[in-house]
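Topology and contacts: notes
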Amino acid sequence: MAAVTLLLVVWATRGYTQTVKGTVKDTAGKAIPYATVSLKNSTSNAIIAYTAADNSGSFVLHVPANTAANSLAIEVHSIGYKTALKNMMGFDAPVDFTLTEAPNQLQEVVVKNSRPVLYTNGDTLSYTVSVFASPQDRTIGDVIKKLPGITVDANGTIRYNNKPISALYIGGDNLLDDKYSIAANSIPQGAVSQVQVIQNNQPIKVLQNKVLSDDIALNLEIKKGAKLHLMGQESIGAGLPGNYDVNLNAMMFKDSYKAINYLAGNNIGYDVQQDLVSHNLTDYNQRIDHALPASLLSVGAVNTPQLAENRYLFNQSGVLNLNNLINLKNKLQLRVNAYYVHDKQRQDYSQQTTVFLPGDTVKYSEVQHNRSIPSILHAQFVLNSNRDKYYLNDVLQVDKKNISSYSGLITDSSAVGQVLKDNTLNFSNEFNLIQTLKSNRIVQAWSYISHSAEPEQLAISPGYNAALFNNNEPYAQLIQNVNIPGWYTNNYFSFRIPSNFITQSYKTGFSVQSQTLVSGLNVVQNNNRSGPGPDSVLNHVDWTKKKLYAEAAYDLPGKILKANLSLPLGLQQTDYADNSYALNKSLIRLYFNPQLKAKYQVGAEHYLNLMYSYRNEMGTIENVYPGYILANYRTLYANSGALTQQQIQQVGGGFNYRRALVLFFWSINALYTHTRANNISSGIITNNIQKGIVLPYANSTGSWSVSGSISKYAFALRTTFSASIQWQSNHSVQIQNNALLPFNTSTETYHLNADTKLSKAVNFSYKATLTQTSSRSPAEAAAYRVGQWVQQASVNYDPLNYLQFKLSGEHYFTYQQGSPNLKVFFADASVKCRAIKWKTDFELSAVNFLNVKTYSALYLSANTLTASSCTLPGRIILFKVLFNL
Amino acid sequence: MKKQLLLYAALLAVFFNAGAQKPDTARVMVHYKFIHLRDTTDRAHPYTENMVLFVGKNAGAYWTYDGIVADEQFKKAWARAAASSPDGNVMINRRGGGGGLSTQYYQYPNEQKFFTKENLLFNDYWVEGPMPVIDWKISGDTASFGGLHCQKATGHFKGRDYTVWFCPDLPVHAGPWKLNGLPGVIVDAHDKKNEVVFKFDGVEKAAARKSQPVGGVNADEKNLPPILRGLDYDPNLIQPPASAIKTTEKEFGKLKLALRKNPEALAQSVRAGNNGQADAAKMDKAVNAPLPGPIINNPIELPEKK
């Protein structure tokens, strides 16, 4: 009894101010003594206080201070009775329970000795890596793929319950921003204890619990032992025919210093740039409200084969990648990310294109031998300080890219050579300062400035399409030059007023974009004299876009309902001029771009989300140049000089379900996008040239997309099952050869995946994807349909701890109405032997041992059908030595 | 002599002080791997033992599982040896005394009662101690241990900060060792330094005992050779052992002290208490042998730092 008194004393001193009383009885009205009475948070379902009924069945529950009654529920457990739960209405009324008997309540408990594979804490889920890892997994990326609820796209984008993640932290530090494939593909899985999924991740501490974030971040919890010393997984491989694959890396994951540095090179088709992808580039561009002009010229419209890249790539790549982060004592963080890539890529393909037009069908064929030599340098310096009351982030970036491409081409029996030189030099700086004032208000100053230039030159020789370019006279060379140097700056100041329920933000700022587009098409005659090509092939467009904006935003960071409403208003003036075409236009517009996002927590782990946005978008300098630019050897493109204005409306919603403790996840999402534009691009297609021009014709496009995904870990089978389905439908209009063509295109994609750890020695995985695209024009009766089935399966067998076998296969099956089906099968095998004494692994692998050397495929978009075929590298035998630092 | 009298008096007193604890039947067995770093100079070799918590309707009993298994194996070995012995004389050796940790812990959370069953010399003692009271802080972390939905809590007890996971679906406020007092069975616990760990090792439904009594169905234990005594217990029954001598922690402490200080006298008294049945030579050997034991410089219970 003394103990109970003591307990009460302890409680009393801990600030329990309110109590709830009640009784527990059985259906006959008899008191149930000693039942467990728990006070639960009705959203998180977690116990926050508890007591036991006395021997007359009555209880007094002490409620912690500052808890609202309506967020609470009381649960009563007693062995031999069914558990009862009641929501709490207030503190005054007694809560009485009547329990019904359930004699076999504990029958369902079965023998299990599994350690938890997943921990949850509010918004954080933690997966235990060792449960899902198998001996042949090298990097953490290999394990992440198998986690239930998580999927990884072919390009490395990681999704949790079908939503792409915003960042991948390492021990809580953001080393790589959205280039997280670097970590996924280099950190050894053995160094990671847990993979954590953080939902509603707000990385800026000042804004936590004040500003809504629906971002999902991943965090890799590094094992204690692995934190202390330098780590590295080194591999050196050589093989036939003349192949090499080398990867030397050094990593460190201390709390104060984190680094992933590596030097790698290969010619076995692994593109080193694959790890350097920015997975959230669209979000970034939307945030800075600016996208760099895209490259305008290319050597041809090559369809990349729909195979895993290493199946078709001929390369000789090398990369040096340095990522280093230092946490200084005063919570200041310094980071340097830099890489240099050099590559020689080769591609041989032939292609037959058919364009179906009303009453006419245009066909042309191409055979190309391409060589591309990119040399890319990227450097980024980040200074960051993330404190409770203060946030500073400055990112300085420099990008230099030189790409030389050579292409030998035979098109409908004429042979030409193309040389494309593309030299990009960009620099940008982003500055962000957030500070909490004494009055608890938050001020923010944000500034972004960038300069970009991309001189491009495409030379085509000899005398291609003389009829069009040189009045039917033979000539030597055609040279197209383009460059769009430009400055951009965007700055704003914001003021936030947080309160218990709502955070108000007010923002005002301006942006200036200043660009010049210079282009020219020159014809070099046989006597080496050079002069401008046919009419209207020069451009010199000066462009400035000035924008003044103000925005009010409201954030409701509640526990059950989270919402964000932003109401930006902008005044935008756009001026552009090209004197040689007497083009001089100025446009002033007032824009209102409202956006609403809401998330409603239906249960502890399930939520609904909704979004609506209305956005005005204006064309760029690339939509206004009036003179023709030869984009590639068969496309000439120009604009009418009118600026494209688009109104984009988006409505979306979805439901997200998870039951973490049984590892069951599913989600369904739908999005409708409606775009209204005042201009349309129109094309004239002939057998040897495609001319495009922008015409003032108001039109609208509608697009539906519905996706669903489901994932479950079967404990008994030790298998992760996942499946997803995606359906997308577009309604758009095109003008081709002076005919207005409405099009309906729909794409369905089905995925199925199973990954199982049959036993300690055997792993099996199977993956199938079916993609089907159909396209039809209401004007025409016939519909075009193309589909592809891809199946991948692999078996790992590790009979001894020093011997591992792996066998895998990939099957591609493509079908199209009226054409024969296409089938390709690739098979790979490897054997790995561990010399335990030397801590070294030896691996012998045969990639594509059935020696498949060509690939054919069909592509369908709107009314264009492309049949292409390309050369593949064939069988690769490689011997590798792997060791750890 | 005075001390001896006192002991007698104490032992007699507890005989008459009948316990109020109703027998309970285990419904669930929670298995733990108990890991204790006894010797801080040898961190690579902590003490480990498989333990089990029998959870009944309103009580919990924490036992050595290795001990139960060893007893079970010995019974089987005996039965085999007896069956293959033509003259009925069974030759069998038994190494060790069964499990490592002989103390059993009984928690009755409803009545706030706590007992340990200790073995000293040849007697079992039913020792009543204070019910440990731990000021738990419940956190929102949840996890699934062997299919059981659990929640995390932290608390300080006997000089160590424990992190434990409890299961509200098993609403008995019990746990391994002396840990208890959460609204569900504690299925996993470890201290902050990972020096004392009760690692969840599985949960199973308690099943009725299948094995035959070692001496035949109707055999009286008193007629069995000493080596076979004390094997026919049913761990699923959570009740004070019939043969144990009830005492208090204080009295049992005195008894232990007496054993250390005056083993001869204690042996005499115990022999008397057992009606002279204990083997005198064996008793002497037990009493005179130096108390063996591993190095324990890091006991589970640490003095509170002020």
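How each quantity is defined
- Residues numbered from 1 in each chain as written.
- Chains lettered and ligands numbered in written order.
- Predicted model: local features only at pLDDT ≥ 70, side-chain atom pairs only at ≥ 80, totals over all residues.
- Helix = DSSP H or I, 4+ residues; strand = E, 2+ residues; numbered from the N terminus.
- Contact = placed C-beta atoms within 7 Å.
- Pairing = 2+ DSSP bridges.
- Core = buried A, V, L, I, M, F, W, Y, C linked by C-beta atoms within 7 Å.
- Buried ≥ 20, exposed ≤ 12 C-beta atoms within 10 Å, placed from the backbone.
- Domains from an automatic or database assignment.
- Expected span 1.5 Å × (residues − 1).
- Axes fitted to C-alpha atoms, helices over the stretch in contact; angles between N-to-C directions.
- pLDDT = per-residue confidence, 0-100.

This part is about the overall build of chain B. Of regular secondary structure, chain B possesses 5 helices and 14 strands. Taking contacts inside chain B between residues at least 6 apart in sequence as the whole, the part at least 24 apart equals 56%.

It is worth spelling out the pairing of strand β32 (residues 561–578) of chain A at this point. Residues and elements named next belong to chain A. Note: strand β31 (residues 539–557) against β32, 16 bridges, orientation antiparallel. Among the inter-strand pairings, Pro-557 is bridged to a residue of β32, identified as Lys-562. In sequence, β31 turns back onto β32 through a hairpin of 3 residues. Sheet topology note: the β32/strand β34 (residues 595–601) ladder contains 6 bridges and is antiparallel. What sits directly across from Ala-563, in β34, is Ala-598. Across 10 bridges, the pairing between β32 and strand β33 (residues 583–592) is antiparallel. Looking across to β33, one finds that Leu-569 is bridged to Phe-592. Between β32 and β33, which pair antiparallel one after the other, the connecting turn spans 4 residues, and Ala-582 there sits at a positive phi close to 55°.

Time to look at the sheet that holds strand β12 (residues 163–164) of chain A. All names here are of chain A. The antiparallel open sheet is built from 3 strands, whose spatial order is β10-β11-β12. Strands at the two margins of the open sheet, each flanked by one partner only, are β10 (150–152) and β12. Summarising the sheet, strand β11 (residues 158–160) and β12 pair through 2 bridges and their orientation is antiparallel. Bridged to Arg-159 within β12 is Pro-164.

Within the largest apolar cluster, 133 residues are counted, with the highest numbers of intra-cluster contacts made by Leu-168 and Ala-183 of chain A together with Val-30, Val-55, Phe-166, Val-185 and Val-187 of chain B. Those residues in contact with Val-30 of chain B, other than ones at most four positions away along the chain, are Val-52, Leu-53, Val-55, Val-185, Val-187 and Val-203 of chain B. By size, the runner-up hydrophobic cluster in this structure holds 31 residues, among which are Tyr-464, Val-523, Trp-543 and Leu-636 of chain A.

Residues and elements named next belong to chain A. Residue Pro-241 is reached from Leu-240 by a cis peptide bond, and omega for that bond is -5°. Take Pro-241: it is sitting in the loop between β16 (233–240) and β17 (243–253). For the bond running from Ser-461 to Pro-462, omega is -10°, close enough to zero to count as cis. Note that Pro-462 resides in the loop between β26 (456–461) and α8 (466–469). Even without glycine at this site, Tyr-34 takes up a positive phi of about 60°. Along the chain, Tyr-34 turns up in the loop between β1 (16–26) and β2 (36–41). Judged by the 21 C-beta atoms lying within 10 Å of it, Tyr-34 is buried. Backbone geometry at Asn-472 places phi at a positive 70°, although glycine is not the residue there. Relative to the helices and strands, Asn-472 is located in the loop between α8 and β27 (477–483).

Bringing the domain arrangement of chain A into the picture now. Assigned domains of chain A: these are domain 1 (2–99), domain 2 (118–247) and domain 3 (257–884). A straight line from the C-alpha centre of domain 1 of chain A to that of domain 2 of chain A covers 42 Å.

The next point concerns helix α2 (residues 65–84) of chain B. All names here are of chain B. Here α2 spans 29 Å end to end across 20 residues, near enough to the 28 Å set by a 1.5 Å rise per residue. Tyr-65, Gly-67 and Asp-71 are the residues of α2 that are buried. Against β2 (28–36), β3 (47–55) and β4 (60–64) lie the buried residues of α2.

Another point: the sheet that holds strand β6 (residues 84–87) of chain A. Residues and elements named next belong to chain A. The strand order across the open sheet built from 4 strands is β3-β2-β5-β6, with neighbouring strands paired in antiparallel fashion. Of all the strands in the sheet, just β3 (47–52) and β6 have a single pairing partner and so form its edges. This sheet shows a mean twist of 20° between the axes of neighbouring strands, independent of strand direction. Of the pairings in the sheet, the one linking β2 to strand β5 (residues 72–77) comprises 6 bridges and is antiparallel in character. Directly across from Asn-41, in β5, lies its bridge partner Leu-72.

With that out of the way, let us pick up the environment of Leu-882 of chain A. Residue and element names in this part refer to chain A. Within the secondary structure layout, Leu-882 lies in strand β52 (residues 876–884). With 475 residues separating them in the primary sequence, Leu-882 and Ser-407 have C-alpha atoms 38 Å apart. Setting aside residues up to four positions removed in sequence, Leu-882 forms contacts with Gln-233, Glu-234, Ser-235, Thr-840, Asp-841 and Glu-843.

Okay, the pairing of strand β18 (residues 257–266) of chain A next. Residues and elements named next belong to chain A. With 9 bridges joining them, β17 and β18 adopt antiparallel strand pairing. Paired with Phe-253 across the strands is Lys-258, a residue of β18. As judged from the 10 bridges shared by β18 and strand β19 (residues 317–327), these two strands associate in the antiparallel manner. Counted as the bridge partner of Ala-259 is Asn-324 from β19.

Residues and elements named next belong to chain A. Mapping Arg-159 onto the fold places it in strand β11. Given 17 C-beta atoms within a 10 Å radius, Arg-159 is considered partly exposed. Filtering out sequence-adjacent residues up to four positions away, Arg-159 remains in contact with Ile-150, Thr-151, Pro-164 and Ile-165.

Here the focus is the confidence of the model for chain A. Scored by pLDDT, chain A comes out at a mean of 86, with 95% of its residues at no less than 70. Note on residues 1–15 of chain A: pLDDT is under 50 here. Beyond four places in sequence and across chains, it has 12 contacts.

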